[in-house]
Amino acid sequence: MLVLSPRWAWCAETGLREGVHIVIEGNRVADVTRERPTGDAGFVELEDGLAIPGLINLHNHVFSAPLFRGLADDIRPGDLPGHIVFSLLMPLGDLVAAEMAEEAIGDAAEMALLACLQSGTTAMLDVWRPQQRAFIARANGLGLRTWSCPYLFTRPNLSMTAEGKALWMGEDASDASFDFVMRLHAEAHGVGLASVGFGPHGPDSCSPELLRRIERAAREMGAIVSIHCAQNPIELAAVEAAHGRRSVAHLRDLGLLRPGTVLAHMMFATEDEVTEVRDHGAAIASCPLAFARSGRGVPVARFLESGVRLGIGTDGVTLDMVEELRAAALLAKTQSGAPAAGTAERLLTAATRDAADALLRPDLGRLTRGATADIAVFDLGAARYQPVWDPLKALLTNGSGADAHTVVTDGVIRLHQGRPAGRDARAIVARGRRAIEDIWDRAAARGAIPPGLAARRARTQEALA
Ligand SMILES: [Zn+2]
């Protein structure tokens, strides 16, 4: 038996409570009680602790975080030869897939996963390429709950013409990517804390035949489908040109708008399209910082007002969900002009209960009796929180994921006093950093870093020399 005794506990179902003990037996919350349990138990007491259901990152590319860190920020006109997705993110991702050893990919992923754990994330839906399957073992090793949704493509290699049109190249990869997911599901789904679903890249890069096949298989297997949708105007134009309808209508006609489908971004969706997604029971994963970086505000206010099932993802820009939720809250306020929009409680609900429901796991994202014990305890003892009038607002407005003190997944302590249980955090960081610096050097040597960015890197190095 494990007992967490923070000062406050919150979940969307029960609201905020003070002075309760969270009793964990096996992998379940056995009780949440004011009476201090007696008997043989491990106690974690934290005077200024706030326990919430572990944060769920609903759209992530964990490996991209260290890979693009420092490369994709402050992009100026001319730094990139085209849209960031097609001129930097996809090509460098391709190079990694082709060049990096599996061990090095695992090391980089593990460093990023550690950052997630250390900021109170207990679960994530992560979209990755087949070469990154070390993700699963590394996440299991740290005790993180994951939904792997490997990419599926019809035409895998994306680039862009000088006129800004997307160019799809390469052999038809439909069969290979579908077979990969089916094999991975057989081998890894249900092993440790890993689940496997489908990650068709987008309605533009996957043929209707492939999407239909995914729809059928996911339905039969009860698997999650994650797909980028209405992500950028290039995608919308390509879908409209090929199929005579917009992305949301296209996915609806293919049967993919339903519970268990997570639509990433919906940045360029209309109000009616958001309503349609809501009415079909699919979820949206919105990633404010990824778009803010490119100068756009994701329509958080519209999503919140619509009542659509909304989760938040970091998209590999930051890995700190507290930071991402704060960005979402500020967008909701500025877009609606209403200070009461995007409250701390509403966004924490999105990142816990609503994200769990989007993943068809109503046993997660709650601190109620019988819930699966995935819990994050933040220490609100630091100066930046004082005095604490409302611990949820304190965390969202003034807090940091770095104040995650204890993290439990599946009833087991995975992080204590900010340190990963039984693991050497410094060694994980050292290995991860080495792996990323190595691939940057190789990318530079091959000209895979766009000239504008390479010149910028050279200028910075010169200035430092
Ligand atoms: Zn994405």
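Residues numbered from 1 in each chain as written. Predicted model: local features only at pLDDT ≥ 70, side-chain atom pairs only at ≥ 80, totals over all residues. Heavy atoms only, no water.

Draft legend 1. Representation of the nonpolar core. Judged by nonpolar contacts, the single largest core of 91 residues is most densely connected at Leu 55, Phe 198, Met 266, Val 277, Leu 325 and Phe 378. Examining the composition of this core, we find that 7 residues originate from one element, helix H12 (residues 321-336), more than from any other. Inspection of this core shows a minimum of three residues originating in each of domain 1 (2-53 + 368-420) and domain 2 (55-358). Sequence-distant contacts of Leu 325, defined by excluding residues within four places in its chain, comprise Leu 55, Ile 312, Leu 347, Leu 348, Ala 351 and Leu 396. Membership of the second largest hydrophobic core comes to 46 residues, among which are Leu 80, Ile 84, Met 100 and Leu 359. (Core = buried A, V, L, I, M, F, W, Y, C linked by side-chain atoms within 4.5 Å. Buried < 20%, exposed > 50% of the residue type's maximum accessible area, 1.4 Å probe, protein only. Helix = DSSP H or I, 4+ residues; strand = E, 2+ residues; numbered from the N terminus. Domains from an automatic or database assignment. Contact = heavy atoms within 4.5 Å.)

Draft legend 2. Here's a closer look at the coordination of the zinc ion. Of the protein atoms, only His 59 (NE2), His 61 (NE2), His 228 (NE2) and Asp 315 (OD) coordinate the zinc ion, at distances of 2.0 to 2.8 Å. Sequence positions of the donors to the zinc ion reduce to the motif H-x1-H-x166-H-x86-D. Of this pair, His 61 sits in the loop between strand E6 (55-60) and helix H1 (64-68) while Asp 315 is found in the loop between strand E17 (309-312) and H12, placing the two residues 254 residues apart along the sequence. (Donors = N, O, S within 2.8 Å, 3.2 Å for Na, K, Ca; no water.)

Draft legend 3. Looking closely at the sheet that holds strand E14 (residues 225-229). Reading across from one edge, E14-E15-E16-E17 is the order of the 4 strands in this open sheet, with parallel pairing throughout. Looking along the sheet, the strands with just one partner apiece sit at the ends: E14 and E17. Across the sheet, the mean angle from the axis of one strand to that of its neighbour is 30°, orientation sign disregarded. Taken together, the 4 bridges between strand E16 (residues 283-286) and E17 define a ladder with parallel strand orientation. Residue pairing in the sheet places Ile 284 in a bridge with Leu 310 of E17. Across the sheet, helix H13 (residues 344-358) lies against strand E15 (261-265), E16 and E17, angled at about 110° from E17, the strand it touches most. (Pairing = 2+ DSSP bridges. Axes fitted to C-alpha atoms, helices over the stretch in contact; angles between N-to-C directions.)

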